[in-house]
Amino acid sequence: MKQILIIILIVIVLIFGYNCYSDYQRFHSPGTDYVSAKKIDLNYHDKVTLLNYYQAIEDVNGFVRLAW
């Protein structure tokens, strides 16, 4: 009787773990973040341009996550 109860608990834990993993994969898409291919000069004379560039990258990544 004890073995049957242990097997049922293991099956329940496995089903729960699979559901958590599938939800995690659904909301955390792998490899979809935009990464710039070119090196950016961090000492550029206009810091606002750099901040706007990084903000645009974050906006693109946020849109992709929202659309996923």
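What counts as what
- Residues numbered from 1 in each chain as written.
- Predicted model: local features only at pLDDT ≥ 70, side-chain atom pairs only at ≥ 80, totals over all residues.
- Heavy atoms only, no water.
- Helix = DSSP H or I, 4+ residues; strand = E, 2+ residues; numbered from the N terminus.
- Buried < 20%, exposed > 50% of the residue type's maximum accessible area, 1.4 Å probe, protein only.
- Phe/Tyr/Trp six-rings, centres within 6.5 Å; stacked < 30°, edge-to-face > 60°.
- Patch = residues over 30% accessible without salt bridge, like charges linked within 9 Å, V, L, I, M, F, W, Y side chains within 5 Å.
- Areas by Shrake-Rupley, 256 points an atom, 1.4 Å probe, with all protein chains shown as cover.
- Salt bridge = Lys/Arg side-chain N within 4 Å of Asp/Glu carboxyl O.
- Contact = heavy atoms within 4.5 Å.
- Expected span 1.5 Å × (residues − 1).
- Arc of directions from axis to C-beta.

J.: What am I meant to see in the overall build of the chain here?
T.: When its secondary structure is counted, the chain shows two helices and zero strands. When the 68 residues of the chain are sorted by exposure, 6% land in the buried category.

J.: How should the packing of aromatic side chains be read in this particular structure?
T.: Aromatic rings considered in pairs are described by the distance between their centres and by the relative angle of their planes. Using the criterion set out here, one finds one aromatic pair in the structure. Centroid distance Y53 to Y54: 5.6 Å. Interplanar angle 65°. Geometry classified as edge-to-face.

J.: What exactly am I supposed to notice about a nonpolar patch on the surface here?
T.: Judged by side-chain polarity, I4, L5, I8, L9 and I12 come together as a nonpolar surface patch covering roughly 490 Å² of accessible area. Within the element layout of this structure, L9 appears in helix 1 (residues 2–27).

J.: Just to check I follow, could you spell out the environment of Y34 for this structure?
T.: Take Y34: it is sitting in the loop between helix 1 and helix 2 (47–67). Taking C-alpha positions, Y34 is 10.0 Å from G62, a pair spaced 28 residues apart along the chain. Among all residues touching Y34, those that are not within four sequence positions of it are I57, V60 and N61.

J.: For this particular structure, what's the right way to read helix 2?
T.: Given 3.6 residues per helical turn, the α-helix brings residues three or four places apart onto the same face. The end-to-end C-alpha distance of helix 2 is 30 Å, a good match for the 30 Å that 21 residues give at a rise of 1.5 Å each. All of the buried residues in helix 2 are L50, I57 and N61. One face of helix 2 carries all of its buried residues, which in axial projection span an arc of 35°. Exposed residues lying more than 90 degrees from the buried face of helix 2 are L51, N52, F63, L66 and A67.

J.: Would you explain the side chain of N61 in this entry?
T.: Examined against the element boundaries, N61 turns out to sit in helix 2. Leave out the neighbours within four places in its chain, and N61 touches T32, D33 and Y34.

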